[in-house]
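# Descriptive analysis of the structure
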Amino acid sequence: MRPADIAKLRSALLDWYDAHARALPWRRPPGSTDRVDPYRVWLSEVMLQQTTVPHATPYFERFTARWPTVSDLAAAEDGDLMAAWAGLGYYARARNLLACARTVARDHQGVFPDTEAGLLELPGVGAYTAAAVAAIASDRPANVVDGNVERVVARLFAVETPLPAARPELRRLAGSLVADDRPGDWAQALMDLGSTVCRPRWPLCLMCPISGFCAARATGEPDRYPVKTKKAAKPHRRGIAWVLRDAGGRVALVRRPDKGLLGGMLGLPTGDWREGPPDETPPIEAGWTDAGAVEHVFTHFSLTLWVRVAEGAGDYLWRPEAEALAALPTVFRKALVRSGIA
DNA sequence: CATACGTGGCA
DNA sequence: TTGCCAAGTAT
């Protein structure tokens, strides 16, 4: 695109953003010129990784109320933080969040780095998050490329290369639009446009401030972009969750290993989850009764989790039912709820 | 470059 | 019902 057109496109999108920016709790209020708190920007960006705004928002409110600064977060107990993250998914984010907060508190005196390169060194901060925090919190002209930006750029330039192979090309094209003027607003304008106007399905081209520059719009089939390669079907696995209650109605939980699926989270005792018949080995001998099954879908497989219930004792983390429900990842919440129906 | 890693909403 | 999609990162 010619430099003069880039300038017009940028101006049109920034004007649109001034009029239509979404009000979100991690943004400065409309009209304010206050600097945004890098801690809140970072926290919101981590929560928003592969996660919708409506899902992340209540978590953001609870986290910032409970841990107002990065140093407060750094001082949190691991179990408290993991429980607060329960239900948000991608639990490696929570482990990295704590590691990152402690690094910033210990090695950077509680102050986030103000450069992209410095941010990139932190745990759980990759190319996207480093660029986003640098742009939004420190006015750095960083090339912020997330799924929204990829889609907007793929349409703007009618990129025929399918994702994920197109990623380097889309990144280069997005970079060609970055300038020193209002870097944080530019990044958020592109992402807002992508989520509200240049949507994956049924893009609202009539509402789009840059449709005049859009090659996909000119083809008449803007929603054909970005072109994607088809994904393989998920395998289906089966397993059993063992719900053991003591005489006081408390539930037996285990802490899962730090690595792997639901790593570091509390869970119900469970055997292997396999594509064949489920692992029937109970964790202890007891009078187990069948409580049916729950269905759950993970990123790379789906699961039928059978639920079996018994009363007993043993070397577990015993938690009251309500506390267990609050701290468990969703798949085990479903199983625990199911166990009470039987 | 491929794979592992959650969850909920939507058509 | 099924598949796709959402402000990605680590290995």
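Within any chain, residue numbers begin from 1 and follow the written order of that chain's sequence. As a convention, the first chain written is A and the first ligand written is 1, with the rest following in written order. Totals for whole chains, interfaces and linings use all residues, but because this is a predicted model, local features are given only for residues with pLDDT of at least 70 and pairs of side-chain atoms are given and counted only at 80 or more. Side-chain metrics in this entry use all non-hydrogen atoms of the structure; hydrogen atoms and water are not considered.

## Looking at the packing of aromatic side chains
Put simply, the test is: When the centres of two rings from Phe, Tyr and Trp lie within 6.5 Å, Trp using its six-membered ring, the rings pair. Their planes under 30 degrees apart give stacked, over 60 give edge-to-face, and anything left gives tilted. By definition here, charges over rings are those cases where NZ of Lys or CZ of Arg is within 6 Å of the ring centre and within 35 degrees of the ring normal.
Inspection of every chain in the model, using the stated rule, returns 11 aromatic pairs. Each member of the aromatic cluster is reached from another via a ring pair, and the members are Trp273, Phe298, Phe301 and Phe332. Here the basic side chain of Arg237 rests over the ring of Phe301, its NZ or CZ set 4.0 Å away from the ring centre. Of note, Arg256 hangs over the ring of Trp273, and the distance from its end group to the ring centre comes to 5.9 Å.

## Quick look at the protein's contact with DNA strand B
Defined as follows: Proximity is defined per residue: any heavy atom of the residue falling within 4 Å of a molecule or strand makes that residue near it. Pairs of N or O atoms are called polar contacts if they sit within 3.5 Å, as long as, within protein, a hydrogen donor faces a hydrogen acceptor (for residues adjacent in sequence, only side-chain-to-side-chain pairs). In this description a helix means any DSSP run of H or I spanning at least four residues, a strand means any run of E spanning at least two, and both kinds are numbered starting from the N terminus.
Near DNA strand B you find 19 residues, and of these Tyr91, Leu262, Thr299, His300 and Thr330 are the closest. Each atom of DNA strand B within 4 Å of the protein was classed as base or backbone; sugar and phosphate made up 60%. Take Thr51: an N or O atom from its side chain is 3.0 Å from a base nitrogen of DNA strand B. With respect to DNA strand B, the backbone of Tyr90 contributes an N or O atom lying 3.0 Å from a sugar or linking oxygen. Elements with a contribution of two residues or more to the surface near DNA strand B: β4 (289–297) and α14 (330–341).

## Overview of the layout of surface pockets
Stated formally: Definitions used throughout: a 1 Å grid over protein atoms alone; a cavity as a set of points that fits a 1.4 Å probe which cannot get out; a pocket as an open set with protein on both sides within 12 Å along at least five of seven lines; a lining residue as one with an atom within 4 Å of a point. Grid points are joined across faces, edges and corners, and a volume is the space filled by probe spheres set on the points.
As a volume, the largest pocket reaches approximately 1500 Å³. The wall of the largest pocket is formed by 39 residues, among which Gln50, Asp146, Gly147, Asn148 and Arg151 lie closest to the centre. It is helix α9 (residues 147–156) that contributes the most residues to the lining of the largest pocket, 5 residues altogether.

## With respect to the protein's contact with DNA strand C
Taken together, the neighbourhood of DNA strand C is formed by 23 residues, with Gly124, Asp146, Asn148, Arg151 and Pro200 sitting nearest. The backbone of Gln50 places a nitrogen or oxygen atom 2.7 Å from a phosphate oxygen of DNA strand C. Between DNA strand C and Gly147, the relevant distance is 3.3 Å, taken from a phosphate oxygen to a main-chain nitrogen or oxygen of the residue. Broken down by secondary-structure element, the contributors of at least two residues to the surface near DNA strand C are α8 (127–138) and α9.

## Some remarks on the pattern of salt bridges
Under the convention used in this document: When a carboxyl oxygen of Asp or Glu lies within 4 Å of a side-chain nitrogen of Lys or Arg, that pair is called a salt bridge.
Evaluation of the coordinates by the stated rule reveals 18 salt bridges. The salt bridge partner of Glu160 is Arg224, with a shortest N-O separation of 3.0 Å. Of this pair, Glu160 sits in the loop between α9 and α10 (167–175) while Arg224 is found in the loop between α12 (215–219) and β1 (236–245), placing the two residues 64 residues apart along the sequence. For Glu323, the salt bridge is made with Arg319, and the minimal N-O distance between the two is 3.4 Å. Among the charged side chains, a salt-bridge network with shared partners connects Asp18, Arg182 and Asp185.

## Things to note about unusual backbone geometry
Let me state the cut-off plainly: For each residue, the accessible area found with a 1.4 Å probe, counting protein chains only, is set against the maximum for its type, and the residue is called buried under 20%, exposed over 50%, and partly exposed in between.
In this chain, Leu163 is followed by Pro164 through a cis amide linkage whose omega measures 5°. Here Pro164 is to be found in the loop between α9 and α10. Each neighbour pair has its own omega, and for Tyr225 with Pro226 the value is -5°, a cis peptide bond. Residue placement: Pro226 occurs in the loop between α12 and β1. Residue Gln50 is not a glycine yet carries a positive backbone phi of 55°. Mapped onto the elements of the fold, Gln50 is located in the loop between α2 (38–47) and α3 (53–66). Accessibility expressed as a relative area gives 70% for Gln50, which makes it exposed. With phi around 55°, Gln109 is a residue other than glycine that occupies positive phi space. One can find Gln109 in the loop between α6 (92–107) and α7 (116–120).

## Concerning the domain arrangement of chain A
Note on interface size: it is often stated as the accessible area lost on association of the parts. Which entries qualify depends on this criterion: Delimitation of the domains relies on an automatic or database domain assignment. Residue contacts are counted whenever heavy atoms from the two residues lie within 4.5 Å of one another. Buried area is a sum: the accessible area each of two parts loses on coming together, probed at 1.4 Å, counted once for each and added.
Taken domain by domain, chain A holds domain 1 (3–224) and domain 2 (236–341). Relative placement of domain 1 and domain 2: their C-alpha centres are 36 Å apart. At the junction of the two partners, domain 1 supplies 7 residues and domain 2 supplies 12 residues. Overall, the association of domain 1 and domain 2 removes approximately 720 Å² of surface from exposure, summing both partners, and the carbon and sulfur fraction of that is 56%. Linking domain 1 to domain 2 there are 0 salt bridges.

## Focus: α6
Because an α-helix completes one turn every 3.6 residues, residues spaced three or four positions apart along the sequence face the same direction. As a reminder, the rule being used: Helix span is expected to be 1.5 Å times the residue number reduced by one.
Here α6 is 16 residues long and its end C-alpha atoms lie 22 Å apart, about the 22 Å a rise of 1.5 Å per residue gives. Among the residues making up α6, those that are buried are Arg93, Ala94, Leu97, Leu98, Cys100, Ala101, Thr103 and Val104. On its buried face, α6 sits against α2, α3, α4 (70–74) and α5 (78–85). Note on α6: the residue one or two positions beyond its end, Gln109, has a positive phi of about 55°.

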